[in-house]
Amino acid sequence: MKVLVVDDSVTMRRIIINSLKSSGFDDIVEAGDGVEGLANMDGVELVLTDWNMPNMDGLTFVKELRKSPVYADIPIIMITTEGAKTEVVEALKHGVNNYVVKPFDKETLLSKVNATIKG
Amino acid sequence: MKIEYINPFLNAVDNAMETMIGVSPVRDKPYIKDSRTTTGDITGVIGFAEKRISGSVALSFPTKTILKIYELMMGAPVDEINNEVDDIVGELTNIVVGGAKKEFSELGLPFNISLPLVVSGTNHVIKHKHDNPVMVIPYSVEGNKFIMEISLMVK
Ligand SMILES: [Mg+2]
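Summary of the structure given here. Note that the structure is predicted; figures quoted are calculated from it, not measured.

## Structural notes on the overall build of chain A
1) Next: Counting secondary structure elements, chain A contains five helices and five strands.
2) Next: Moving toward the C terminus, one meets the helices and strands of chain A in the order β-α-β-α-β-α-β-α-β-α.
3) Next: Its C-alpha radius of gyration of 13 Å places chain A within 12% of the 14 Å reference for a compact globule of 119 residues.
4) Next: Across its three principal axes, chain A shows a C-alpha extent of roughly 30 × 30 × 30 Å.
5) Next: Out of the 119 residues belonging to chain A, those deemed buried represent 55%.

## Considerations on the environment of M135 of chain B
Residues and elements named next belong to chain B.
1) Next: In this structure, M135 sits in strand β7 (residues 135-141).
2) Next: With 98 residues separating them along the chain, M135 and T37 place their C-alpha atoms 13 Å apart.
3) Next: Beyond its immediate sequence surroundings of up to four residues, M135 is in contact with M1, I6, P30, Y31, I32, M148, E149 and I150.

## Some thoughts on unusual backbone geometry
1) Next: The residue after K102 of chain A, namely P103 of chain A, is reached through a cis peptide bond having omega 0 degrees.
2) Next: With respect to the helices, strands and loops of the structure, P103 of chain A is situated in the loop between β5 (98-101) and α5 (106-118).
3) Next: For N55 of chain A, which is not a glycine, the phi torsion comes out positive at approximately 65 degrees.
4) Next: Note that N55 of chain A resides in the loop between β3 (46-49) and α3 (58-67).
5) Next: Of note, N123 of chain B is a non-glycine position whose phi angle comes to about 55 degrees, a positive value.
6) Next: Relative to the assigned elements, N123 of chain B resides in the loop between β6 (117-120) and β7.

## Comments concerning helix α1 (residues 3-21) of chain B
Residue and element names in this part refer to chain B.
1) Next: Taking 1.5 Å per residue as the helical rise, α1 with its 19 residues ought to reach 27 Å, and the 26 Å between its terminal C-alpha atoms agrees with that figure.
2) Next: Every buried residue belonging to α1 is among Y5, I6, P8, F9, L10, A12, V13, A16, M17, M20 and I21, and all of these are buried.
3) Next: G22 lies just past α1 and shows a positive phi near 70 degrees.

## Considering the interface of chain A and chain B
1) Next: Residue-level contacts link 21 residues of chain A with 20 residues of chain B.
2) Next: Taking both partners together, chain A and chain B bury about 1700 Å²; carbon and sulfur atoms supply 60% of that area.
3) Next: Sorting the residues of chain A by area buried against chain B places T11, T81 and P103 of chain A first, and these three jointly supply 33% of that buried surface.
4) Next: Across the contact surface, chain A and chain B share four salt bridges.
5) Next: The salt bridge partner of K101 of chain B is E87 of chain A, with a shortest N-O separation of 3.3 Å.

## Quick look at the coordination of the magnesium ion
All names here are of chain A.
1) Next: For the magnesium ion, the protein coordination sphere consists of D8 (OD), D50 (OD) and N52 (O), at 2.1 to 2.3 Å.
2) Next: Read from N- to C-terminus, the donor residues coordinating the magnesium ion fall into the pattern D-x41-D-x1-N. The burial state of D50 is the same as that of N52; both residues are buried.

## So, the sheet that holds β3 of chain A
Residues and elements named next belong to chain A.
1) Next: Pairing in this open sheet of five strands is parallel, and the strands run β2-β1-β3-β4-β5 from one edge to the other. Edge strands, defined here as strands with exactly one partner in the open sheet, are β2 (27-31) and β5. Each strand axis lies, on average, 20 degrees off the axis of its neighbour in the sheet, ignoring direction.
2) Next: The sheet contact formed by strand β1 (residues 2-6) and β2 spans five bridges and is parallel. Following the sheet pairing, K2 is matched in β2 by D27.
3) Next: Running over the sheet, α3 touches β1, β3 and β4 (76-80) and is turned about 175 degrees from β4.

How each quantity is defined
- Residues numbered from 1 in each chain as written.
- Chains lettered and ligands numbered in written order.
- Predicted model: local features only at pLDDT ≥ 70, side-chain atom pairs only at ≥ 80, totals over all residues.
- Heavy atoms only, no water.
- Helix = DSSP H or I, 4+ residues; strand = E, 2+ residues; numbered from the N terminus.
- Rg over C-alpha atoms; globule rule 2.2 N^0.38 Å.
- Buried < 20%, exposed > 50% of the residue type's maximum accessible area, 1.4 Å probe, protein only.
- Contact = heavy atoms within 4.5 Å.
- Expected span 1.5 Å × (residues − 1).
- Buried area = accessible area lost by both parts, 1.4 Å probe.
- Salt bridge = Lys/Arg side-chain N within 4 Å of Asp/Glu carboxyl O.
- Donors = N, O, S within 2.8 Å, 3.2 Å for Na, K, Ca; no water.
- Pairing = 2+ DSSP bridges.
- Axes fitted to C-alpha atoms, helices over the stretch in contact; angles between N-to-C directions.

Below is the structure:
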């Protein structure tokens, strides 16, 4: 399964990617914001995205994906510091399938990834 | 500054450190900042604002401390402050202010946060949101010091 990891923090991307690799995911592409994310969607089957990013933030990126017939149903997990209830509700309303609040531990991340792809 | 408005930041620092590096930071007595420069070599700053609340928070680290934190977070050491160390300072600041935001939101004081700004160099100046007194909270992780600065106005 090809996974796209979008986060403006390069170290956060590395932490997420290392967790995914330890769980057997080996086809992973990365992007630093929503614009780069949209440009790297080819063949992607699961999206993990941050919310607060320059150029195009994660919520706008999710809305763009949901508008596209190709990616309208692709599983999306938001991984963000935005943990307030209103933000979580807003993200889910716009089509995010699962939500991970930073800081997270590896087990939480992987269990949400697995729940989302079995979903 | 009311203690109920400081606690969300204290809780967020504890949670960030415990989850990201597996170490509980030790907190020392807070004091009021008396100079424009900071004690750290590298600092992450995030501003936040809404109708009733606004301010800025900085996390400032001596080189030795941030290199230790980098190693604990990334599982590999680094010799000097580089782009990735800058990045971790920004993201830690983001996680702390984001964590506090959740608690403020539950207190009925939601706010929006800026992207992190990272500044480095000895005796660098940190620009806070307000001119009112800045509170400094000293910490250490495994004997390595760092500080959090809080500038806050609640209407
Ligand atoms: Mg971000």
